[in-house]
Amino acid sequence: MKAVLGIGTNLGDREDNLAQAFSRLEALPETELLAISNIYETAPFDVVSEQDDYLNCCVLLDTALDPEALLDQCLAIETALGRVRTEYHGARTIDIDLLLCEGFASHTQRLTVPHPGILQRAFVLVPLSDLFPVHTGLGFDFAQAYQAVDKSGVRLYK
């Protein structure tokens, strides 16, 4: 199954946090990291406290893990990299969101795929468009949302 993850970080050494996340994703069983989008820097989105800017990107995986198992692995990587959940949309060393899964949709309390915020978040849509310039091929079309969303706060990083 192909899956797309959104990854963000705004605490500590942000570049190293991303590198460690990529490395750990590559090490998942029966999983291949197929592509990494450009990395973008963005201001915090929908936050209640002062925070530093984020580095954001999307990755494309091919995995034999089912979506629930992939979610578990992503949460384990977050924990291993020091993610602590203290407030809604709080600052974080790493955030790994399961955005899309080929041939899979879910709307449970634990897992909603496609991720419900994709179409409103430029920090997701811009890197997603790096991976899929026209259409994801995963049963998810975001072209109209990409055209409509304000991308002015999404800056290519380095």
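Criteria and cut-off values
Residues numbered from 1 in each chain as written. Predicted model: local features only at pLDDT ≥ 70, side-chain atom pairs only at ≥ 80, totals over all residues. Heavy atoms only, no water. Buried < 20%, exposed > 50% of the residue type's maximum accessible area, 1.4 Å probe, protein only. Helix = DSSP H or I, 4+ residues; strand = E, 2+ residues; numbered from the N terminus. Pairing = 2+ DSSP bridges. Contact = heavy atoms within 4.5 Å. Polar contact = N/O pair within 3.5 Å; in protein donor to acceptor, adjacent residues only side chain to side chain.

Colleague: Just give me the short version of the pairing of strand E1 (residues 2–9), but keep the residues and values in it.
Modeller: In terms of burial, E1 is largely enclosed, as seven of its eight residues are buried. The sheet contact formed by E1 and strand E4 (residues 54–63) spans eight bridges and is antiparallel. When the sheet's bridge partners are listed, Ala-3 is paired in E4 with Leu-61.

Colleague: Before we move on, can you summarise helix H3 (residues 122–131) with the specific residues and values?
Modeller: For H3, the buried fraction is high: eight of the ten residues fall into the buried class. Restricting attention to buried positions, one finds in H3 the residues Ala-122, Val-124, Leu-125, Val-126, Pro-127, Leu-128, Ser-129 and Leu-131. Against E1, strand E2 (31–36), strand E3 (40–42), E4, strand E5 (95–101) and helix H4 (143–148) lie the buried residues of H3.

Colleague: Talk me through the side chain of Arg-83; I want residue IDs and the actual numbers.
Modeller: Structurally, Arg-83 can be placed in the loop between helix H2 (67–80) and E5. A polar atom in the side chain of Arg-83 sits 2.8 Å from the side chain of Asp-95. Filtering out sequence-adjacent residues up to four positions away, Arg-83 remains in contact with Glu-78, Arg-92, Thr-93, Ile-94 and Asp-95.

Any functional reading would require information beyond the geometric quantities listed.
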